[in-house]
Amino acid sequence: MSILRTRTAQATVVAVTAGALALTGCSSGSKSSDKPAGKSQKDALAQAKPVIMGTAQQSVGPAKEVPGARKGGTVQVYQETDFSHLDPGQIYVSDGGLLSKLLYRGLTTYVEDDKGNSTVVGDLATDAGKSSDGGKTWTYTLKDGVKDQNGNVITSGDIRHTFERLYASFETDGPSYVQQWLSGTGTKYRKAYAGPYKGKHLPDSVLATPDDKTIVFHFLTPQTDTPQAMAMAAYSVVPEKTDTKEKYDQAPVATGPYKISDYKSGKSMKLVRNTNWDPKTDPMRHQYVDGFNIDYNQDKATQTKTILADRAEAKNAIMFTGQIDATQLQKITTDKAVMKRTVQGYAPYVWQLNFNMDRVKDKRIRDAIALAIPASAAGRADGGAYGGEPATSLMSPTTPGYDKTFDPFGRAKKPNGDIAAAKKLIDEAGAKGKKLVYAYANTPVRTTQANLIINNLKKIGLDIQKKEVDAATWYEQMGKVKNGFDLYMTGWGQDWASGNTVFPPSFDGAQIQDGASNYSHTNDKHVNAEIARIQKITDTAEAAKEWEKLSQYISTKINPAAPIYYTKVFQIAGSNVGGLRYSTVTSYTDPTAVYLKK
C-alpha cells in the first residue's frame, strides 16, 4: 500500500499496511542525531509473522474492552491535507485507509493483541471465509442484521455490487487483487467486464449470490491470502441503493461506528456516531467518543507544537497520519510525562525515488542518482531518527525474506551519498548538464527532502528542474502514465506480510495503467516472468526467498526506483486521550480504540 500522500496500502503503509509493536514504546531521547532512536529492525520483524486465521467465535462482537475506557466527548484530529478519496474502492493511500476503519466495514477485518499479533476474522461475514476447490473458491456468509447508516440491511447483493463496481472505468486508484483473481491478471480484468451500471452482473461462475446472505468467489487460481485481501479498505461494502458512482467520493454511506456529518472539502470533516452500527456484530471497533473533528492544512510542525502545548481542544487531540516534527524531538524525548503521550512503531513503508523509465532510460544515470541520494538526511527530515533510517532495499524489514546485508548503493558506509562514484557514472554516460524534472509534493517535509536530494544531484552535474505538485492529489498525478516527470518520491508498504503485495503492484509491466502503482513504468520480461512464477509458489517460506532474489535483481539489473529510507512512526496525543496504541494494521495510532478520560 502506498503511504499517505505525504499513497496501506495498502500496503500501505496503510499494508494491509502493518505497523510494528503495539502500545507505546519509550526509547530514550538523545542529543546526538547520529545515535539510533525509535523502533528498530528487530521490532520490524514482528510484522513478518504470518497472520493468524480467526474462527467464527472470534468474529463475533463486541470488541474486547479497552481498560479504563469511558464514553463521551469529541476527539480533535489534525491532518496535513484532505483525503484524496472517500469512495472505498478508490482508497489505497494510508490516510484514507485509517479513516476507513471508523467509517466502513468489509467481509473481514483484523483483531490485534498487545503483542503485535494480528488475527484476521469475519467483519460483515461470520468468519474469515471458507475455501474449497483447492483455494480457488471462497464462500462468505453475512452476519444477521448488519445495517448501513440509513438503516438498510446489508445483503449479498450489496457485496456483489461492491466488487462489480470496481470494474467501472472511474475506479482507478484502488488495489486490484480481487478483480484480477476473478477476471485476469494485469489489466485483463478491465476487458472482461465493464461494471454493473448497465444492468449486467458478473457470471455466477465468477461471483455468485445464491441467497441474500451468501456470496461465493470463484477465482481463476488458488488464492490462500483471500481473507487478508478482503480486509483492505477498498473492499469495504458500498450499498447498492445509495451508490452515486463518481459522486460517491463526496458523500459515502457508513457501516462503521461513525458517519460523516459535515464535510468541507480541503478544510474539515466531522464524524458523529452511526446509530445503526451494532457493536454486537463488530469484533474490532469501539464507539467510545461521540465523534471526531478533523481539521486539514495542519503541517507536521503545527500539529506537534499544538498537541505538545496541551491546551484547550489540543488536550483531546490525536495525530491521524502526522508525525512529530524533528525540531521538537529533544523537547519531547527528554520529558517522561510527554513521552507517555506518544506512540511509536516501525512502519512497513520504503520511501523511494522513482525513475520514470519512459524518460530516464540510461541505467548509468539512474545508478548515479541512486548513489548520490542523501538517504540519511532525507529520512531525518521526516521526523529525525524517530522518523526513519536509510533504506538499502526496495523490500522493507517488515516483509518476509528481507535481507539486511543487501546494500547495492552503499547506504551503510555512505548514508548521505557517494558523490564521487555518482559523478563518475554521469561522466561515463555523457550526461553532464542533462535536464531532469523533479516533482515533489508541496508540504514542508517533501520540500525539504527535495532540496536535499536536488542539491546532491547538482553536485554530480545534473540540471534539475523543480516541479511543485499539490499534495492532496500527489498519487493521482504520479499514477498517470504520461505524468511528464522524470523523478518523484513515493512510499510503498506491504498490504499484508508477503512480497506478493509489494513487487507485483509496483513492478509488474502488465499492470501499467493510469492509477496503477507501477510508478516507474517498469516493464521487464524477466521481472514479469518471475512475478508470474513466484506467485504460483504455495510454500510461503520458499516464496519469501524468491521475492528477495527478485528484489535484488530489480535493484541491481534495472534500478527503476532507488530506496531512500524505511519509515518509523512517532506520534503524540493530548493528555486527555486514553486508549493510545500503535496499530499493527494501519501503522498509526488506532482511532478505533481511543477514548477521552474526562
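Everything here concerns the structure above.
Just so it is clear, the structure is predicted and the values come from calculations on it, not from any experiment.

A. Main features of the overall build of the protein. For the protein, the helix and strand inventory stands at 17 helices and 20 strands. The C-alpha atoms of the protein give a radius of gyration of 23 Å, which matches the 25 Å a tight globule of 598 residues would have. C-alpha atoms of the protein, sized along the principal axes, occupy 65 × 55 × 40 Å. Within the protein, the proportion of its 598 residues that are buried is 62%. Total accessible area on the protein stands at roughly 22000 Å², and carbon and sulfur atoms take up 50% of it. Taking the average place of the 75 positive charges on the side chains of the protein and the average place of its 62 negative ones, the gap between the two points comes to 4 Å.

B. Structural context of the nonpolar core. Counting 58 residues, the largest nonpolar core has Leu107, Ile159, Phe163, Val178, Phe217 and Phe503 as its most contacted members. By residue number, the principal contributor to this core is helix α17 (residues 540-558), which donates 5 residues. If we ignore the near neighbours within four places in the chain, the residues touching Phe163 are Leu107, Val178, Leu207, Phe217, Met230 and Tyr235. Counting residues in each nonpolar core, the second largest holds 44 residues, with Phe355, Leu371, Ala431 and Ala439 among its members.

C. Representation of helix α3 (residues 156-164) within the structure. Extensive coverage of α3 is indicated by the burial of 8 of its 9 residues. Taken residue by residue, α3 has Ser156, Asp158, Ile159, Arg160, His161, Thr162, Phe163 and Glu164 as its buried positions. Buried-residue contacts for α3 involve α4 (177-183), β7 (207-211), β8 (214-218) and α6 (226-230).

D. Structural detail: the packing of helix α10 (residues 363-372) against helix α12 (residues 419-428). Viewed as axis vectors pointing N to C, α10 and α12 meet at an angle of 165°, and their least axial separation amounts to 8 Å. Put simply, α10 runs roughly antiparallel to α12. The crossing of α10 and α12 is left-handed. Between α10, through Arg364, Ile365, Asp367, Ala368, Leu371 and Ala372, and α12, the contact on the second element is made entirely by Ile419, Ala421, Ala422, Leu425, Ile426 and Glu428. Its residues assigned to classes, the contact of α10 with α12 comprises 9 nonpolar, no polar and 3 charged.

E. Looking closely at the packing of aromatic side chains. One pass over the structure, following the stated rule, counts 21 aromatic pairs. Summarising the aromatic geometry, the rings of Tyr288 and Tyr595 are spaced 6.3 Å apart at their centres and angled 80° between planes, so their arrangement reads as edge-to-face. Of the two residues, Tyr288 sits in the loop between β10 (268-273) and β11 (291-295) while Tyr595 sits in strand β20 (residues 595-596), which places them 307 residues apart along the sequence. A single burial state applies to Tyr288 and to Tyr595, both of which are buried. Grouped by ring-pair contacts, the aromatic residues Tyr140, Phe163, Tyr177, Trp181, Phe217, Phe219, Tyr235 and Trp496 constitute a single cluster. Lying across the ring of Tyr248, Arg165 places its NZ or CZ 5.3 Å from the centre.

F. Looking closely at the packing of helix α16 (residues 525-534) against α17. Closest axis-to-axis distance for the α16/α17 pair is 10 Å, and the angle between their directions is 175°. It follows that α16 is roughly antiparallel to α17 by the angle criterion. Together, His526, Val527, Glu530, Ile531, Arg533 and Ile534 of α16 and Ala543, Glu546, Trp547, Leu550, Tyr553, Ile554 and Ile558 of α17 make up the contact between the two elements.

G. Representation of the sheet that holds strand β17 (residues 487-492) within the structure. An order of β14-β18-β13-β17-β15-β16 is seen for the 6 strands of this open sheet, with the pairing classed as mixed. Strands at the two margins of the open sheet, each flanked by one partner only, are β14 (388-390) and β16 (463-469). Neighbouring strand axes in the sheet, compared pairwise and without regard to direction, differ in orientation by 30° on average. Judged from the 2 bridges that link them, strand β15 (residues 435-441) and β17 form a sheet pairing that is parallel. Within the sheet, the bridge partner assigned to Ala439 lies in β17 and is Tyr488. Relative to strand β13 (residues 342-355), α10 is tilted by about 150°, and along the sheet it contacts β13, β15, β17 and β18 (561-572).

What counts, and where the lines are drawn
Residues numbered from 1 in each chain as written. Predicted model: local features only at pLDDT ≥ 70, side-chain atom pairs only at ≥ 80, totals over all residues. Heavy atoms only, no water. Helix = DSSP H or I, 4+ residues; strand = E, 2+ residues; numbered from the N terminus. Rg over C-alpha atoms; globule rule 2.2 N^0.38 Å. Buried < 20%, exposed > 50% of the residue type's maximum accessible area, 1.4 Å probe, protein only. Areas by Shrake-Rupley, 256 points an atom, 1.4 Å probe, with all protein chains shown as cover. Lys, Arg positive; Asp, Glu negative; His and termini not counted. Charge placed at Lys NZ, Arg CZ, Asp CG, Glu CD. Core = buried A, V, L, I, M, F, W, Y, C linked by side-chain atoms within 4.5 Å. Contact = heavy atoms within 4.5 Å. Axes fitted to C-alpha atoms, helices over the stretch in contact; angles between N-to-C directions. Parallel < 35°, antiparallel > 145°, perpendicular 65-115°, else oblique. Left-handed = near helix turned anticlockwise from the far one by under 90°. Nonpolar A, V, L, I, M, F, W, Y, C, P; charged D, E, K, R; others polar. Phe/Tyr/Trp six-rings, centres within 6.5 Å; stacked < 30°, edge-to-face > 60°. Lys NZ or Arg CZ within 6 Å of the ring centre and 35° of its normal. Pairing = 2+ DSSP bridges.

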